[in-house]
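What follows is each chain in one-letter form.
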Amino acid sequence: QSGLTQPPSVSGSPGQTITISCTGGSSNIGAPYDVHWYQQLPGKGPTLLIHENVNRPSGVPDRFSGSTSGTSASLTITGLQAEDEAHYFCQSYDNTLTASGVVFGGGTALTVL
Amino acid sequence: EVQLLESGGGLVKPGGSLRLSCSASGFNFRTYAMHWVRQAPGKGLQWVSGISASGGNTKYAESVEGRFTISRDNFMNTVSLEMSSLTAEDAAVYYCVKGVVPAAGAANWFDHWGQGSLVTVSA
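What counts, and where the lines are drawn
Residues numbered from 1 in each chain as written. Chains lettered and ligands numbered in written order. Predicted model: local features only at pLDDT ≥ 70, side-chain atom pairs only at ≥ 80, totals over all residues. Heavy atoms only, no water. Helix = DSSP H or I, 4+ residues; strand = E, 2+ residues; numbered from the N terminus. Polar contact = N/O pair within 3.5 Å; in protein donor to acceptor, adjacent residues only side chain to side chain. Pairing = 2+ DSSP bridges. Axes fitted to C-alpha atoms, helices over the stretch in contact; angles between N-to-C directions. Contact = heavy atoms within 4.5 Å. Buried area = accessible area lost by both parts, 1.4 Å probe. Salt bridge = Lys/Arg side-chain N within 4 Å of Asp/Glu carboxyl O. Nonpolar A, V, L, I, M, F, W, Y, C, P; charged D, E, K, R; others polar.

Caption draft 1: Fine view of the side chain of A:Asp84. If you trace the backbone, A:Asp84 turns up in the loop between strand 6 (72-77) and strand 7 (86-93). A polar contact of 2.9 Å, which involves the side chain of A:Asp84, links it to the backbone nitrogen of A:Gln81.

Caption draft 2: Looking closely at the sheet that holds strand 6 of chain A. Residues and elements named next belong to chain A. Taken in spatial order, the 3 strands of this open sheet run 2-6-5, and their pairing is antiparallel. With one partner strand each, in any of the chains shown, strand 2 (18-23) and strand 5 (64-69) form the two edges of the open sheet. Adjacent strand axes in the sheet meet at a mean angle of 20 degrees when their direction is disregarded. Judged from the 6 bridges that link them, strand 2 and strand 6 form a sheet pairing that is antiparallel.

Caption draft 3: Seen up close, the interface of chain B and chain A. Between chain B and chain A, the residue contacts involve 21 residues of the former and 18 residues of the latter. Taken together, both faces of the contact between chain B and chain A bury some 1600 Å²; the carbon and sulfur share is 64%. Run the count over chain B and chain A and you get 0 salt bridges. Joining chain B to chain A, the criterion identifies 4 residue pairs in polar contact (both at pLDDT 80 or more). Put simply, the parts of the chain that give the side of chain B that touches chain A at least two residues each are strand 4 (34-39), strand 5 (45-51), strand 6 (58-60) and strand 10 (110-113) of chain B. Of the residues belonging to the side of chain B that touches chain A, the class tally is 12 nonpolar, 7 polar and 2 charged.

Caption draft 4: Just the sheet that holds strand 7 (residues 68-73) of chain B, in detail. Residue and element names in this part refer to chain B. Strand order in the open sheet formed by 4 strands is 1-3-8-7, with antiparallel pairing between adjacent strands. Two strands lie at the open edges of the sheet, namely strand 1 (3-7) and strand 7, each paired on one side alone. Between one strand axis and the next, the sheet turns by 15 degrees as a mean value, whatever way the strands run. Summarising the sheet, strand 1 and strand 3 (residues 18-25) pair through 5 bridges and their orientation is antiparallel. Residue pairing for strand 3: Gln3 is matched across the bridge by Ser25.

As structure tokens, then:
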């Protein structure tokens, strides 16, 4: 598939660990092309959270980690905090797209209970 | 500190035109591709257009090809998106986004985003 699929929502309690999946196909994650993750706080623009599957930009807490396996990627947040409540988007490159190849997941809303 | 400040959004009638601008600062602007990504209300992110660092190569999503034009001014550190023949499907928040490589079409990610500019298309 040329798109990336994320669960619409996940939830967890403070201190817990949650994982958000991003499922693609052989033309993107499985090719393999790198996966990147963005966090969008309520009412704000997205910010880069993870790039090239596992790398955190400066300032991103190490509670956030990324991984890939086959045609899927995952974002894991450990020690969940109230401030983590946001939307999370995965992004990759797809070699079937004729323009830029940029493909985003539909996004996952994280609720901290 | 990298800053991307969009302007030019607003209300436009179906079939109308609008020009978005983005003023960039805090990095070597002429070294990186710049992009526009949009987000319809309550929806996900959609890449719209990208322009290479030199401005010599532009890319467009199929849904806007022929209606939108991206351009940049490497002296003024600005990137613009000229939008025409707008429809309700174009209504969204438009984000100015910085790439991490000079090429517009390369497999890369976006390390800085603006706050967005709202485009509303309604009669």
